[in-house]
Amino acid sequence: FLYAKGAIGGNDPDFVSRSAASMAPGVSSSGIRELTESTYGIPLTLGLGVRFYLLPRFSIGTGVDYSLLTRTFTGTYTEEGGQTEVSGDVQHTMHYIGVPLDLYYDILSSDKIKFYVYGGGEAEFCVSNKFTVFSTPQVSCSEPVRKIQYSVGGGVGVEFRLTDKLGLYLDPGVRYYFPGGQPKSIRTDKPLMFNFDAGLRFSL
């Protein structure tokens, strides 16, 4: 199968313990200092990939995912050397490219519907980590993220056959993001997240 998917995650950090929240830095090396708590946007993911059967009920899937994470807060920006400081609302935007690897087991399969469970992991690299300070003048800065974001997840899924070659699938699940050198985001404040994938599968 070929698949195309869209996914959304939760953006409520209230489930997290204080110890997990403390992993996220409050002062950026690019000169950004946070003065208020963050408001998180809903994490969005788009993906393309392939899935093929190893055994009659077991299949494996992989592909490429693009994820967008955002947050806003009030903060200040100080230029290198400390000569100029501006303050205002700050938009923090992160773009990730990831490669997932998932295993699927079909519980029930018919011509019209399929139920299955799945689990696997993903490695993601942050290709853009940008701050925009809405001040006068507006200021933009960025900083590199050199470490890879690893995660594991699983859930249950259902696929509805629309035609002989096309199916619509829904994959609710849960995912855990391992800590380690990532910019502050909903993933660092709430590493265990519920997510909802939906997409189309094309039979070859």
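Just so it is clear, the model here is predicted, and its values are computed rather than measured. (Residues numbered from 1 in each chain as written. Predicted model: local features only at pLDDT ≥ 70, side-chain atom pairs only at ≥ 80, totals over all residues. Heavy atoms only, no water.)

Visitor: Help me understand the packing of aromatic side chains, please; the structure alone is not making it clear to me.
Guide: One pair of aromatic rings is described through two measures. These are the centre distance and the angle between the planes. Tallying each qualifying case throughout the model produces 5 aromatic pairs. Site record: aromatic cluster; members linked through ring pairs are Tyr-104, Tyr-116 and Tyr-118. Geometry around Tyr-116 places Arg-51 over its ring, the cationic atom sitting 5.1 Å from the centre. Looking at Arg-187, its charged tip hangs above the ring of Tyr-96, at a distance of 5.0 Å from the centre. (Phe/Tyr/Trp six-rings, centres within 6.5 Å; stacked < 30°, edge-to-face > 60°. Lys NZ or Arg CZ within 6 Å of the ring centre and 35° of its normal.)

Visitor: Would you mind going over the confidence of the model for the protein with me for this structure?
Guide: Low-pLDDT stretches of the model should not have their predicted coordinates read in fine detail. For the protein, per-residue confidence averages 88 on the pLDDT scale, and residues scoring 70 or more make up 91% of the total. A low-confidence stretch, residues 16–27 (pLDDT under 50), is modelled with 20 contacts involving residues beyond four sequence positions or located in other chains. (pLDDT = per-residue confidence, 0-100. Contact = heavy atoms within 4.5 Å.)

Visitor: What is the right way to read the environment of Leu-44 from this model?
Guide: Inspection of the secondary structure assignment puts Leu-44 in strand 4 (residues 44–53). With 153 residues separating them in the primary sequence, Leu-44 and Asp-197 have C-alpha atoms 10.0 Å apart. Once residues lying within four places of it in the same chain are set aside, the contact partners of Leu-44 are Ala-7, Ile-8, Tyr-66, Ser-67 and Leu-68. (Helix = DSSP H or I, 4+ residues; strand = E, 2+ residues; numbered from the N terminus.)

Visitor: Explanation requested: empty space enclosed by the protein in the structure shown.
Guide: Picture a little ball the size of a water molecule; that probe, rolled over the atoms, points out where space is still empty. Under the defined criterion, the tally for this structure stands at 1 cavity of 30 Å³ or more. Taken together, 31 residues form the lining of the largest cavity, with Lys-5, Ala-7, Arg-175, Asn-195 and Asp-197 sitting closest to its centre. If one sorts the elements of the lining of the largest cavity by residue count, strand 10 (residues 166–177) sits on top with 6 residues. Of the residues in the lining of the largest cavity, the class split is 12 nonpolar, 9 polar and 10 charged. (1 Å grid on protein atoms, 1.4 Å probe; cavity = no way out; pocket = protein on both sides within 12 Å on 5 of 7 lines; lining within 4 Å. Points joined across faces, edges and corners; volume = space filled by probe spheres on them. Nonpolar A, V, L, I, M, F, W, Y, C, P; charged D, E, K, R; others polar.)

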